Amino acid sequence: MGAYAAAYERSIADPTRFWGLAARDIRWLVPPDRVLDDGAPPFYRWFTGGELNTCDNALDRHVEEGRGDQPALIYDSPVTGTTATYTYRELTGLVARFAGALRELGVERGDRVVIYLPMIPEALIAMLACARLGAVHSVVFGGFAAKELAVRIDDARPKAVVSASCGIEGGRVVPYKPLLDAALDLATHKVDRCVIRQRPQLHADLVRPRDVEWDEAVAHAQPADCVPVAATDPLYILYTSGTTGRPKGVVRDNGGHAVALRWSMENIYGVGPGDVFWAASDVGWVVGHSYIVYAPLLTGCTTVLYEGKPVGTPDAGAFWRVAAQHRVKALFTAPTAIRAIKKEDPHGALLAGYDLSAMDTLFLAGERLDPGTYEWAAEMLGKPVIDHWWQTESGWPMVANLRGLEQMPVKAGSPTVAVPGYDVRVLNPDGTTAEPGTDGDIVVRLPLPPGTLPTLWKDDERFVESYLTRHPGHYLTGDGGHIDDEGYVWVMGRTDDVINVAGHRLSTGTMEEVISAHPAVAECAVIGVHDPLKGQVPRGLVVLKSGVLADPEELCDELVAMVRDQVGPVASLKEVAVVQALPKTRSGKILRGTMRGIADGEDVSVPSTIEDPGVLDALRPVLRPPTAP
Ligand code: COA
Ligand code: AMP
């Protein structure tokens, strides 16, 4: 039996022993009484009775163990022309000071802090400072609009918000403070204090006494020590799109998270202490939480924080420049970034100038890795390209080719095999196991391994209803696909109304809520359609209220602007069409999946439950992409 098969079998047969051994790589202040607490299914808790501090494991511990002078963080920002390196000792000092500043603003263990920051070192410092105090951070991605930020503030009810005067998107300065102020006005929860990082590119007006500048806040702050927390205490809440307009607050605990992420670095990514790891993502997404911030630092690696784009900052060689300059061993990004590079530099001419000899592997996740992109990257780089599949809820890979443990042959289009700890299965609608090669719901048999979501923030009921009810005893991933007869998992796409735009997870439900609020709109549907660069983009279809005499073009522009304004530019909704009617089942459900299939040029079968097939036929010319045969 190979190393992978042996580890996988051990993890499923005896999870307590498997994760108990992995937990030895974490510094516990009080060792756990139990590895897996399975006393109240379907809720499971890992490492109950244990106490630790995640920031201690990510920073202080490494300083004490001799890594004080090793770079912990390299900030590389082509958009501001800055590169800065922080050693573990320096970063520990900065985090302790900022934790002290937060404490002086009233933040204590268990309090929430919303972080709305661009990709600057302060984002990572603020996250770790919360961890240090035992406070719970909730980072909100900068591309979301004020309303989305307000929804998250109302759900997390933070004591403080940490933000900046601006972000920089390619060549554009994006003011953050007006968005924050608007969100705080919209939110019903009142936030006492905001810490604002003034950036040289734009000065923000402060609202005194609520707002305080970062520098002012840390000037007289006493460095704070790490506060011991229970392994089961929340480390963070990260909101993610569900099928409704209301985002889901995915909770991450401290103990299980530290153990799982530490294990994943060596076994999945093949990197260890001292190696340079670069996840080219954003701290606003789970990839950023896990693989820009926590996993590399828990492992004693050097992490790279990149404030730039794959293309245009300044060119499609940017990723190769960063990887070469900082001697990156493992690079992790989304397939869409590689497609953007490929589009601008199809023959990889820009690769030639860079020494990528330190680079061992390219990891891709966040959306399906199409075989064309896989093959291009593998050929250009001449290095292993690893697809792996996971989601905000899992926090770390569920299916992967385990580069560090045992690399399996690649099958382009499949993220390979179930990661130890995840009993991945494919079920038919009636709950029976699908035959190999047959598509169904991809689920994970409970208990999920450590590091995965224990629940949703203050909403156990929604957690059970969303994930654990459709197939009792199993976690529903929301993805469909199959497992082949060699155990390779093939993830074919979401089975719900979540879409994935440029590696960003978005809810069509949220966009529909915004569009339906327009006084001229009777009903609408937003579907995700295939896009050669972004994987998917949203497309809106609206039916007008009878008697409305709006100019369709003007109305559509208005709706696009509303979505940009209320959901955020990241939604990337550019196309809306006015139609006579939407196809529905006899019970009134809009046939979004069928419309999506037609838009993608698939040979879709029309459900027998359709109310009026004529409605769908009338829509075909609107749905079909202009380039489709
Ligand atoms: N703050 C403010 N605005 C933001 C933002 C942020 N943090 N992130 C994105 N936006 C804006 C963009 O400026 C853009 O605005 P525009 O419509 O005015 O041009 C819009 O949101 C859409 O952004 P994006 O989806 O990033 O598209 P793009 O055309 O700017 O870039 C790619 C396309 C492929 C280069 C880019 O999406 C990319 O680098 N993707 C990698 C994805 C990734 O890292 N995913 C994380 C999961 S691993
Ligand atoms: P997020 O929660 O933002 O990480 O998005 C998770 C979703 O992205 C998953 O449920 C999948 O639909 C999709 N996804 C992520 N990685 C992959 C992958 N490697 N292959 C296919 N789909 C993926």
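Residues numbered from 1 in each chain as written. Chains lettered and ligands numbered in written order. Predicted model: local features only at pLDDT ≥ 70, side-chain atom pairs only at ≥ 80, totals over all residues. Heavy atoms only, no water.

Asks: What's the story with the sheet that holds strand S5 (residues 82-87) in this structure? I'm lost.
Replies: Paired through backbone hydrogen bonds, the strands of a sheet run either parallel or antiparallel to each other. The strand order across the open sheet built from 7 strands is S5-S4-S17-S16-S18-S19-S20, with neighbouring strands paired in mixed fashion. In this open sheet, the two strands that pair with only one neighbour each are S5 and strand S20 (385-387). Neighbour-to-neighbour, the strand axes of the sheet open up by a mean angle of 20 degrees, direction not taken into account. For strand S16 (residues 276-279) and strand S18 (residues 330-333), the ladder comprises 3 bridges, and the chain directions are parallel. (Pairing = 2+ DSSP bridges. Helix = DSSP H or I, 4+ residues; strand = E, 2+ residues; numbered from the N terminus. Axes fitted to C-alpha atoms, helices over the stretch in contact; angles between N-to-C directions.)

Asks: Which parts of the structure should I look at to understand unusual backbone geometry?
Replies: As a rule of thumb, non-glycine residues mostly have phi less than zero, and peptide bonds are mostly trans rather than cis. With an omega of 10 degrees, the peptide bond between Pro-41 and Pro-42 qualifies as cis. For Arg-327, which is not glycine, the phi torsion reads 55 degrees and is therefore positive. Relative to the elements of secondary structure, Arg-327 occurs in the loop between helix H11 (318-325) and S18. Judged by relative accessible area, which is 41%, Arg-327 ranks as partly exposed. (Buried < 20%, exposed > 50% of the residue type's maximum accessible area, 1.4 Å probe, protein only.)

Asks: Quick question: what am I supposed to make of the site of ligand 2 here?
Replies: Residues in close proximity to ligand 2 total 15 residues, the closest being His-388, Thr-392, Asp-479, Arg-494 and Arg-505. Gly-366 is positioned with one of its backbone polar atoms (N or O) 3.0 Å from a nitrogen atom of ligand 2. Arg-505 places a side-chain nitrogen or oxygen 2.7 Å from an oxygen atom of ligand 2. Protein chains bury 93% of the 490 Å² of accessible surface belonging to ligand 2 in isolation. Grouping the amino acids of the shell around ligand 2 by side-chain chemistry returns 4 nonpolar, 5 polar and 6 charged. (Near = heavy atom within 4 Å. Polar contact = N/O pair within 3.5 Å; in protein donor to acceptor, adjacent residues only side chain to side chain. Areas by Shrake-Rupley, 256 points an atom, 1.4 Å probe, with all protein chains shown as cover. Nonpolar A, V, L, I, M, F, W, Y, C, P; charged D, E, K, R; others polar.)

Asks: Sorry, what's going on with the UniProt feature "domain: AMP-binding enzyme C-terminal" (unreviewed entry) in the protein chain here?
Replies: UniProt marks residues 511-589 with the feature "domain: AMP-binding enzyme C-terminal" (unreviewed entry), using the numbering shown here. Helix makes up 27% of residues 511-589 and strand 32%, whereas the separation of the span's terminal C-alpha atoms amounts to 17 Å. (UniProt positions renumbered as here; feature names shortened; annotations may be inferred.)

Asks: When you look at the UniProt feature "domain: Acetyl-coenzyme A synthetase N-terminal" (unreviewed entry) in the protein chain in this model, what are you seeing that I'm missing?
Replies: Mapped onto this structure's residue numbering, the UniProt feature "domain: Acetyl-coenzyme A synthetase N-terminal" (unreviewed entry) falls at residues 4-58. The span residues 4-58 is 42% helical and 27% strand by assignment, and the distance between its end C-alpha atoms comes to 27 Å.

Asks: Just to check I follow, could you spell out a negative patch on the surface for this structure?
Replies: A contiguous patch of negative charge on the surface is contributed by Asp-551, Glu-553, Glu-554, Asp-557 and Glu-558. For Asp-551, the position within the fold is in the loop between strand S30 (535-544) and helix H16 (552-566). Classification of Asp-551 as partly exposed rests on a relative accessible area of 40%. (Patch = residues over 30% accessible without salt bridge, like charges linked within 9 Å, V, L, I, M, F, W, Y side chains within 5 Å. Salt bridge = Lys/Arg side-chain N within 4 Å of Asp/Glu carboxyl O. Lys, Arg positive; Asp, Glu negative; His and termini not counted. Charge placed at Lys NZ, Arg CZ, Asp CG, Glu CD.)

Asks: Just to check I follow, could you spell out the packing of helix H17 (residues 592-599) against helix H18 (residues 613-623) for this structure?
Replies: Relative to each other, H17 and H18 sit at 45 degrees, their axes nearing to 9 Å. Judged by the inter-axis angle, H17 sits oblique to H18. Judged by the sense of rotation from one axis to the other, the crossing of H17 with H18 is right-handed. Contacts between H17 and H18 involve Thr-594, Met-595, Ile-598 and Ala-599 from the first element and Leu-616, Leu-619, Arg-620 and Leu-623 from the second. Each residue belonging to the contact of H17 with H18 can be placed in one class, and the counts come to 6 nonpolar, 1 polar and 1 charged. (Parallel < 35°, antiparallel > 145°, perpendicular 65-115°, else oblique. Left-handed = near helix turned anticlockwise from the far one by under 90°. Contact = heavy atoms within 4.5 Å.)

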